[in-house]
Amino acid sequence: MKFMKRIAVFTLVLALAAANLVMPGIAAGADETAITTAEELASVSGSGNYVLMNDILITGTWNSPEEFSGTLNGNGHTVVFSGAVVTGGLFGKLSGATIKNLNITEGSEANVFYPAETQADFPKYYFGTLAYYANGTIENVTTDVDADIWGYYNSYSGGIVGAIWSGDLTLKNCVNTGDVASGTYAGGLVGGGTSSATSATLTVEQCANYGAVSAPNNAGGMVGGLNADCLNLTIRNCVNFGEIVHRSGDQGGGIIGWLKPAAVEGTANVTCNINFGMIYNLGIKSGKSVGIVGAVNTNGGAEVNVTGNINYAALAPVDGQTTGTVAAIVFSDVTKAENNYTVE
């Protein structure tokens, strides 16, 4: 049985590697606007159709496109932040946009990353390497940027997207290798959600995270947490290799830290995922360190299914620092929890 599980893991990892090999592509089509400089990338707007023709180097203060609803084909090229000052992410808001075939990384010069601030009366802070807010489709995107906004309370940070907002969001065949840190919610791919996304669906499929993820509250390998911020959730065929650290007694999960569908009619499916990352609770309070799903609140009747997942991570205390509840797959009652395995 262990041998078959390891074969399944090896097959999934190979499939993810092949799916996420983003190589430089071909010339711009007749309906595409070619992008060759950082200035041209900063000027993309509206519902236009754009394609990168070469790698882009961003230095100095980056004026990110504030709201984009079109298509950007990275064409296998790489955007490099080097000596840059970036607020929010490469983009501000993605509103029904499609971003595909793009790599984002850091160069040799140190960068400074700031979160975007919203709601002046009760500030919230967001950072995502690609965008701080997003709905739409993100496919074949890789990121290797340390998305650290640890010092900001009530903040959301994601290796690719800070938070889903006001519409459905799908991430497919995406990989993050940068470390992610936030003052509240941190996720290897998506930090969390906003109250405007309570009727939306978040789908994360065939994605991988290699970066360390840390937050005082909710931290997860794919998604930090959704606290009544999303009606429906699907995370499937994903793998986390990064360590998960939560520090003040809340939840840490190898795949998602905290899950609460937005309404009783909501549905969440966490299916066929693998976690290799150690999970630490370094806080003084008791908390939950869990191999797949940190904690669940079914919100009085929402359907939550956790099936076909494998946890390889040890959950034992490390130097006496891990306290509270540990569980191999999921903590809290769910609608269905079956065919899940822990392999030591």
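A brief report on the enclosed structure follows.

## Considering unusual backbone geometry
Working note: non-glycine residues mostly have negative phi, and peptide bonds are mostly trans. Although it is not a glycine, Asn101 adopts a positive phi angle of roughly 55°. Tracing the sequence through the fold places Asn101 in strand 7 (residues 91-106). Positive phi outside glycine occurs at Asn140, with the angle close to 55°. Judged by relative accessible area, which is 16%, Asn140 ranks as buried.

## Structural notes on the side chain of Gln251
With respect to the element layout, Gln251 can be found in strand 27 (residues 251-253). Every residue in contact with Gln251, bar those within four places of it in the chain, is listed here: Asn217, Asn218, Ala219, His246, Gly257, Trp258, Lys288, Gly294 and Ala295.

## Section: the side chain of Asn103
Mapped onto the elements of the fold, Asn103 is located in strand 7. Among the residues examined, Asn103 registers a relative accessible area of 11% and is labelled buried. At a separation of 3.5 Å, a polar atom in the side chain of Asn103 contacts the side chain of Thr78. Looking at Asn103, its side chain comes within polar contact range of the side chain of Thr142, at 2.7 Å.

## So, the nonpolar core
Of all hydrophobic cores here, the largest spans 65 residues; its most connected members are Leu41 and Leu90. The element contributing the most residues to this core is strand 7, with six residues. Beyond its immediate stretch of four places on either side in the chain, Leu90 contacts Leu41, Ile58, Trp62, Ser64, Pro65, Val79, Phe81, Leu102, Ile104, Gly128, Thr129 and Leu130. If you look at the next biggest cluster of nonpolar residues, it comprises 10 residues, including Ala116, Tyr126, Trp165 and Ala295.

About the criteria used
Residues numbered from 1 in each chain as written. Predicted model: local features only at pLDDT ≥ 70, side-chain atom pairs only at ≥ 80, totals over all residues. Heavy atoms only, no water. Helix = DSSP H or I, 4+ residues; strand = E, 2+ residues; numbered from the N terminus. Buried < 20%, exposed > 50% of the residue type's maximum accessible area, 1.4 Å probe, protein only. Contact = heavy atoms within 4.5 Å. Polar contact = N/O pair within 3.5 Å; in protein donor to acceptor, adjacent residues only side chain to side chain. Core = buried A, V, L, I, M, F, W, Y, C linked by side-chain atoms within 4.5 Å.

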